[in-house]
Amino acid sequence: MMNYQTYFTSALDHLQAERRYRVFADIERQAGRFPQAIWHSPEGPRPITVWCSNDYLGMGQNRDVTRAMVEAAWRLGTGAGGTRNISGNSHPVVELEAELADLHGKEAALVFTSGYVSNQTGISTLAKLIPGCLILSDALNHNSMIEGVRQSGCDKVIFRHNDLEHLEELLRAAGDRPKLIVFESVYSMDGDISPIHAICDLAERYSAMTYIDEVHAVGMYGPRGGGIAEREQAMHRIDVIEGTLGKAFGVMGGYLTGTKAVMDAIRSFAPGFIFTTALPPAVAAAATASIRHLKASSEERQKQQRQVARTKQVLSGLGLPIMDTVTHIVPVMVGNAEACKAASDRLLEKHGIYIQPINYPTVPRGTERLRITPGPFHTDAHVNALGAALVEVWTALRLPLEPKVQAAE
């Protein structure tokens, strides 16, 4: 009889051999104490400091947000009861979509169970509904966007990352056929930003639709947290803006915004929407509370930007090989999968600092890194402790340090 288990154990053995096997830490977040948490280590519970959370602004512990979730659960129950086609729209979801449309200056919004699903099903459905569509995709787009492009079944071309000349060359070669440009605003591994206005200029010149992923920017940039496109006053130039509720807004879910016709078409044709249980009302209520808070408050964004700048200054001043970025992403480059995992393990076990290693396929081989995301609740003492711990780890593992740069006071 065939032993099917060998296929799976062999695949796992291969991952282990390449030092790419992922181990998840058992972590218990503590509302009101973030970024402090409890690590349930093999030896028992230990306090740790989290430095790699995508809850960028700590909104997952905001009292307005948690209160909205609890009160909605008491009033409306826990689950959504099924898909929206079967159970109807829960009123908190209707309110959430109105809030999102307003955030991005669009006519309508559509909420999904995750940002992955909104990209995957949004891109594939959009492209399928455009006869003869050619998708032009940035080379560093997220896997969810890549899967959306693939599942569309449409022709595609990949333009070099943020390379406007290459994009124009491909647009020109496409001629008069319908075209969809898909790209991100903030690329989360390298922390760089796309030239939104320049891409929109090309889209207008060559009659292409535009689709932007703002998942690492919503809540964090712009006067009301509308993302890089809001900061650059470019929201009106983009046809579809996609975002997440699971990062800076501190809850979960994904969404699309655009014209009523586009959102209605996706609602009516997207399998990832039609056949998926809706967000629970309590989750939708919490997300709405978070969005409303960040529309009115810049305090969290300002504090986070201050601590991002300080973290970069301290780490570069200690000679640590951080990648120079213009965003809140602070990559510390390692360049080796085994060393990256060893550095992460030592930080956690010796220093009580949690930073998950980033290895292939998330980043190319040879560019393995620790991805640090400072937040508004990281204190100067936290930053100093992080710098000292990283230097100890780099020294213990004999990883190269760079010439020290004097950190700003």
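Please refer to the structure higher up on the page.
Residues numbered from 1 in each chain as written. Predicted model: local features only at pLDDT ≥ 70, side-chain atom pairs only at ≥ 80, totals over all residues. Heavy atoms only, no water.

A word on the packing of helix α2 (residues 63-76) against helix α12 (residues 281-296)
For clarity, the cut-off: Simply put, an axis is a line fit to the C-alpha atoms, just over the touching stretch for a helix, and the angle between two N-to-C directions goes from 0 to 180 degrees. Numbering of helices and strands runs from the N terminus, with a helix taken as a DSSP run of H or I at least four residues long and a strand as a DSSP run of E at least two residues long. Orientation labels follow simple angle bins: below 35 degrees gives roughly parallel, above 145 gives roughly antiparallel, 65 to 115 gives roughly perpendicular, and whatever is left gives oblique. By convention, the crossing between two helices is left-handed when the near helix turns anticlockwise from the far helix through less than a right angle, and right-handed when the turn is clockwise. By definition in these notes, contact holds between two residues if any of their heavy atoms fall within 4.5 Å. Classes in brief: Ala, Val, Leu, Ile, Met, Phe, Trp, Tyr, Cys and Pro nonpolar; Asp, Glu, Lys and Arg charged; the others, Gly included, polar.
Interaxial distance between α2 and α12 falls to 8 Å at its minimum, and their mutual angle equals 150°. The pairing of α2 with α12 is recorded here as roughly antiparallel in orientation. The way α2 lies across α12 gives a crossing that is right-handed. For the pair α2 and α12, contact is made by D64, V65, A68, M69, A72, A73 and L76 and by P281, A282, V283, A285, A286, A289, S290 and H293, respectively. By residue class, the composition of the contact of α2 with α12 is twelve nonpolar, two polar and one charged.

Some remarks on the pairing of strand β16 (residues 369-372)
Formally: Only protein chains enter the accessibility calculation, which uses a 1.4 Å probe; a residue whose area is less than 20% of its type maximum is buried, one above 50% is exposed, and one in between is partly exposed. Should DSSP find at least two bridges between two strands, the strands are regarded as paired.
Side chains R369 and R371 of β16 all project onto a buried face; the interleaved residues L370 and I372 project onto the opposite face, where all are buried too. Inspection of the sheet shows strand β13 (residues 330-333) paired to β16 by four bridges, in the antiparallel sense. For V330, the partnering residue across the bridge sits in β16 and is I372. With two bridges connecting them, strand β15 (residues 357-358) and β16 associate as antiparallel partners.

Quick notes on the sheet that holds strand β10 (residues 208-213)
What links the strands of a sheet is backbone hydrogen bonding, and the strands pair in either a parallel or an antiparallel sense. One open sheet accounts for seven strands, arranged β4-β12-β11-β10-β7-β5-β6; its pairing is mixed. Each edge of the open sheet is held by one strand with a lone partner, namely β4 (108-112) and β6 (155-159). Each adjacent strand pair in this sheet contributes to an overall mean axis angle of 20°, direction not counted. Relative to β6, helix α7 (residues 164-174) is tilted by about 155°, and along the sheet it contacts β5 (134-138), β6, β7 (179-184) and β10. Where helix α8 (residues 196-205) meets the sheet, it contacts β7 and β10, and its direction lies at approximately 175° from that of β7.

Brief notes about empty space enclosed by the protein
In plain terms, the rule: Method remark: on a 1 Å grid restricted to protein atoms, a set of points is classed as a cavity if a 1.4 Å probe fits but cannot get out and as a pocket if it is open with protein on both sides within 12 Å along at least five of seven lines; lining residues have an atom within 4 Å of a point. Grid points are joined across faces, edges and corners, and a volume is the space filled by probe spheres set on the points.
Enumeration according to the criterion identifies two cavities of 30 Å³ or more in this entry. Taken as a whole, the largest cavity encloses approximately 100 Å³ of empty space. Along the walls of the largest cavity sit R84, V93, V111, F112, T113, V117, G272, F273, T276, T277, A278 and L279, which together make up its complete lining. When residues of the lining of the largest cavity are traced back to their parent elements, those giving at least two are β4 and α11 (271-274).

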